[in-house]
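Geometric and topological summary
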Amino acid sequence: MIEVGINGYGTIGKRVADAVRAQPDMEVVGVAKTRPNFEAQTAVDKDFELYAAIEDRKPQFAEAGIDLAGDVEELVEESDIVVDACPSGIGADNAEMYRKYDTPALLQGGEDADAVDASFNARSNYDTVEGDDLVRVVSCNTTGLSRLVAPLQEAYGIEKVRTTLVRRGGDPAQSGRGPINDILPNPVSLPSHHGPDVNTIFPDLNIDTLGLKVPATLMHTHSVNVTLESEPDAAEVRSLLEDERRTFVIPEWLGLDGAGAIKELAQDAGRPRADIWENCIWGESISMEGDDLYLFQAIHQESDVVPENVDAIRAVLGEASQEESMARTDEAMGLDT
Ligand code: NAD
């Protein structure tokens with residue numbers, strides 16, 4: 001069994017903890033929290049061992065009646081690998097602690113690419129990270145774009161990608177974020193950071209990205225144009241994407257007209273936290289104009305990186321091939337349902 005520690009039990013960390021626990025070859029050693037709040041209580045209710053991320057705050061847990069199994073350093077020492085899902089920047093600060101205990105760690109997309117040995121997307125570069133000490137599972141948007149680029153690149157060759165990312169203002173629980181009533185070019189000047197971030201996975205890819213922020217919390221939406229090196233018809237591209245793991249090509253008859261309906265479907269299907277781990281690509285949007293491919297896809301920012309973290313654990317530890325790992329992850333999480 002692979003013993004996994006989770007440092008940072010927020011939006012991403014709590015989802016990764018559940019996904020790791022569902023795997024037949026992994027066990028969660030415990031999760032580290034900075035303070036006793038509703039997420040700490042959730043961890044307790046789910047029988048995860050809780051470790052204190054900050055020594056001075058241990059009394060706060062005692063006051064809240066929450067038992068601790070130890071300090072974060074003990075968690076790191078006991079784990080074969082740590083998934084660090086702390087807020088942006090803190091993962092890089094934690095790197096020294098992971099090195100001290102010789103425990104490999106996965107950081108998340110909010111960290112700088114130069115803080116790690118490699119950036120990771122299961123579909124695109126699974127085989128390149130074995131034995132690395134620090135690996136960054138790229139952000140939700142970069143994951144969504146990489147899942148699209150990899151098969152298109154292999155099947156048709158790519159001359160250029162141009163994508164406009166319409167980004168949610170914040171996650172549903174981030175009440176302080178916005179905009180509340182505006183549409184913001186963000187950043188105003190090109191490129192947005194997403195293109196260079198995709199280049200951490202595909203160094204030679206020619207890609208331009210633009211970003212907007214809108215008053216929404218449910219999902220991001222990408223308007224994608226890929227100039228291909230050949231001219232497949234739209235039906236062929238659609239079938240290619242339908243055959244991929246972690247891409248859900250939305251059939252027209254489902255009547256999913258936006259993120260709200262997609263989230264409703266996820267709730268109806270009983271998905272945990274109404275998560276949508278797959279890229280949601282509108283089938284009827286897949287169009288070819290000469291060698292230009294166009295499509296729209298929606299990306300659930302809170303969950304598409306979760307199966308990627310699970311695969312990154314096996315990839316770093318050399319525990320399974322890409323296909324074995326992705327299949328095992330998807331089956332254990334219920335990705336095909
Ligand atoms: P979050 O704020 O929801 O969760 C972070 C958790 O870490 C919180 O519970 C916080 O209390 C805790 N924490 C803070 N300092 C800590 C410390 N020193 N030690 C241990 N825990 C600490 O953040 P998130 O949205 O889960 O983001 C985590 C990382 O994942 C970031 O790099 C982010 O960029 C990336 N990411 C986020 C999303 C998203 O949409 N939420 C998507 C993909 C990637």
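A brief report on the enclosed structure follows.

Rules of the game
Residues numbered from 1 in each chain as written. Predicted model: local features only at pLDDT ≥ 70, side-chain atom pairs only at ≥ 80, totals over all residues. Heavy atoms only, no water. Helix = DSSP H or I, 4+ residues; strand = E, 2+ residues; numbered from the N terminus. Rg over C-alpha atoms; globule rule 2.2 N^0.38 Å. Buried < 20%, exposed > 50% of the residue type's maximum accessible area, 1.4 Å probe, protein only. Contact = heavy atoms within 4.5 Å. Areas by Shrake-Rupley, 256 points an atom, 1.4 Å probe, with all protein chains shown as cover. Lys, Arg positive; Asp, Glu negative; His and termini not counted. Charge placed at Lys NZ, Arg CZ, Asp CG, Glu CD. Near = heavy atom within 4 Å. Polar contact = N/O pair within 3.5 Å; in protein donor to acceptor, adjacent residues only side chain to side chain. Nonpolar A, V, L, I, M, F, W, Y, C, P; charged D, E, K, R; others polar. Patch = residues over 30% accessible without salt bridge, like charges linked within 9 Å, V, L, I, M, F, W, Y side chains within 5 Å. Salt bridge = Lys/Arg side-chain N within 4 Å of Asp/Glu carboxyl O. Pairing = 2+ DSSP bridges. Right-handed = clockwise from strand over helix to strand, strands pointing away. Disulfide = S-S within 2.5 Å. Phe/Tyr/Trp six-rings, centres within 6.5 Å; stacked < 30°, edge-to-face > 60°.

1. Overview of the overall build of the chain
The number of helices and strands found in the chain is 12 helices and 16 strands. The C-alpha radius of gyration computed for the chain amounts to 20 Å, which stays within 12% of the reference 20 Å derived for 337 residues, consistent with globular compactness. Relative to its full complement of 337 residues, the chain shows a buried share of 55%. In the chain, 71% of the contacts between residues at least 6 apart in sequence involve partners at least 24 apart. For the chain, the accessible area works out to roughly 14400 Å², and carbon and sulfur atoms hold 46% of it. Here the chain holds 27 positive side-chain charges and 64 negative ones, and the gap between their average locations is 5 Å.

2. With respect to the site of the ligand
Residues in close proximity to the ligand total 21 residues, the closest being Thr-11, Ile-12, Arg-168, Asp-171 and Gln-301. A distance of 3.4 Å separates an oxygen atom of the ligand from a polar atom in the backbone of Gln-301. Here the shell around the ligand is built from residues that sort into 8 nonpolar, 9 polar and 4 charged.

3. Quick look at a negative patch on the surface
A surface patch of like charges, here negative, comprises Asp-45, Asp-47, Glu-49, Glu-74, Glu-77 and Glu-78. Per-element accounting of the negative patch gives the leading share, 3 residues, to helix H4 (residues 72-78). Structurally, Asp-45 is set in helix H2 (residues 38-45). Here Asp-45 falls in the exposed class, since its relative accessible area comes to 56%.

4. A short note on the side chain of Thr-209
Locating Thr-209 in the fold gives a position in strand E11 (residues 207-214). At a separation of 2.7 Å, a polar atom in the side chain of Thr-209 contacts the side chain of Ser-192.

5. Here we look at the pairing of strand E13 (residues 247-250)
Of the strand pairs in this sheet, E13 and strand E14 (residues 279-282) are connected by 4 bridges, and their pairing is parallel. The residue bridging Phe-248 from the neighbouring strand is Cys-280, located in E14. Each parallel crossover has a hand, and for E13 linked through helix H10 (residues 259-268) to E14 it is right-handed.

6. Things to note about the state of the cysteines
Enumeration according to the criterion identifies 0 disulfides in this entry. Here Cys-140 stays free of any disulfide, with the sulfur of Cys-280 as its closest cysteine sulfur at 13 Å.

7. Considering the sheet that holds strand E3 (residues 50-52)
Here 8 strands make up an open sheet; going across it, the order is E4-E3-E2-E1-E5-E6-E8-E7 and the pairing parallel. The strands lining the two open edges of the sheet, one partner per strand, are strand E4 (70-71) and strand E7 (118-120). Examined bridge by bridge, E7 and strand E8 (residues 134-137) share 3 bridges and lie parallel to one another. Considered in E8, the bridge of Ser-119 is made with Arg-136.

8. Describing the packing of aromatic side chains
Per the counting criterion, the structure on display carries 2 aromatic pairs. With a centroid separation of 6.2 Å and an interplanar angle of 65 degrees, the aromatic rings of Tyr-9 and Phe-48 are classed as edge-to-face. Linking Tyr-9 in the loop between strand E1 (2-7) and helix H1 (11-21) with Phe-48 in the loop between H2 and E3, this pair joins segments that are 39 residues apart in sequence. Neither Tyr-9 nor Phe-48 differs from the other in exposure class; each is buried. Centroid distance Phe-120 to Tyr-126: 6.1 Å. Interplanar angle 55 degrees. Geometry classified as tilted.

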